[in-house]
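Here is how the chains run, residue by residue.
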Amino acid sequence: MIPLAVVVAVVVGVIVVVVAVVVLPYLLSSSRNRRVGGRGFVQESRLTCSKCHRPFDYRWIPGAALTAVRLGKSRYMACPLCHKWSTFDVWDSPPPRTEPPN
Ligand SMILES: [Zn+2]
């Protein structure tokens, strides 16, 4: 017989993990989609490297990063074109297919 406290602790732990891994990135995605006109869970940003000044498209998931250092709405990561590290503003950069406002 498993004690009730253990069952409650496991259930609460699973809920916390689900909220952290699924709900939080989903809410952040929805929030950014409303602002920049994107869609979906995985976000896309057209970024321009500050070192080589070439644009590239970057796919990312809010709240998650395996290949970059997260700094709030920015990420410190290597440019895929020149491989130099710099800070990119992924949150406020528009998605690739969106034309910049005139
Ligand atoms: Zn570069």
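Just so we're clear, the structure is a prediction, and the values are computed from it rather than from any experiment.

Colleague: Hey, could you go over the coordination of the zinc ion for me, with residue numbers and the actual values?
Modeller: Summarising the metal site, the zinc ion is bound by the protein donors Cys49 (SG), Cys52 (SG), Cys79 (SG) and Cys82 (SG), whose distances to it range over 2.3 to 2.4 Å. For the zinc ion, the four donor atoms in the first shell make angles of 104 to 116° at the metal, a pattern classed as tetrahedral. Here the donor residues for the zinc ion map to a single chain with the spacing C-x2-C-x26-C-x2-C.

Colleague: Hey, could you go over the pairing of strand 4 (residues 74-78) for me, with residue numbers and the actual values?
Modeller: Relative to strand 4, strand 3 (residues 69-71) is paired through three bridges, and the arrangement is antiparallel. Of the residues in strand 4, the one forming a bridge with Leu71 is Ser74. Pairing between strand 4 and strand 5 (residues 85-88): four bridges, direction antiparallel. By the bridge assignment, Met77 is partnered in strand 5 with Ser86. Between strand 4 and strand 5, which pair antiparallel and follow one another directly, the connecting turn spans six residues, one of which, His83, has a positive phi of 65°.

Colleague: Could you give an account of the packing of aromatic side chains, naming the residues involved and the relevant values?
Modeller: In total, this model carries three aromatic pairs according to the counting rule given. Geometrically, the ring pair formed by Phe56 and Phe88 is edge-to-face, given 5.4 Å between the ring centres and 80° between the ring planes. Residue Phe56 is found in strand 2 (residues 55-60), and its partner Phe88 is found in strand 5; the two are separated by 32 residues along the sequence. Side by side, Phe56 and Phe88 carry an identical accessibility label, which is buried. On the basis of an interplanar angle of 40° and a centroid distance of 5.5 Å, the ring pair of Tyr76 and Trp85 is categorised as tilted.

Colleague: Residue-level account of unusual backbone geometry, with values.
Modeller: Leave glycine aside and you will find that most residues have negative phi; peptide bonds, for their part, are mostly trans. Of note in this structure, His53 is not a glycine but carries a positive phi near 60°. For His83, which is not glycine, the phi dihedral falls at a positive 65°. Tracing the chain through its elements places His83 in the loop between strand 4 and strand 5. You can call His83 exposed: its relative accessible area is 58%.

Colleague: How would you explain the pattern of salt bridges if you had to name every residue and give the values?
Modeller: Pairing is possible between side chains that carry opposite charge, provided their charged atoms lie close to one another. Applying the stated criterion to the full structure yields one salt bridge. Measuring nitrogen to oxygen at the nearest pair gives 2.4 Å for the salt bridge that ties Asp57 to Arg46. Taken together, the residues Asp57 in strand 2 and Arg46 in strand 1 (residues 43-48) connect sequence positions 11 residues apart. With relative accessibility at 37%, the residue Arg46 sits in the partly exposed group.

Parameters and conventions
Residues numbered from 1 in each chain as written. Predicted model: local features only at pLDDT ≥ 70, side-chain atom pairs only at ≥ 80, totals over all residues. Heavy atoms only, no water. Donors = N, O, S within 2.8 Å, 3.2 Å for Na, K, Ca; no water. Tetrahedral: all angles 85-135°; square planar, octahedral: opposite > 155°, others 65-115°. Pairing = 2+ DSSP bridges. Helix = DSSP H or I, 4+ residues; strand = E, 2+ residues; numbered from the N terminus. Phe/Tyr/Trp six-rings, centres within 6.5 Å; stacked < 30°, edge-to-face > 60°. Buried < 20%, exposed > 50% of the residue type's maximum accessible area, 1.4 Å probe, protein only. Salt bridge = Lys/Arg side-chain N within 4 Å of Asp/Glu carboxyl O.

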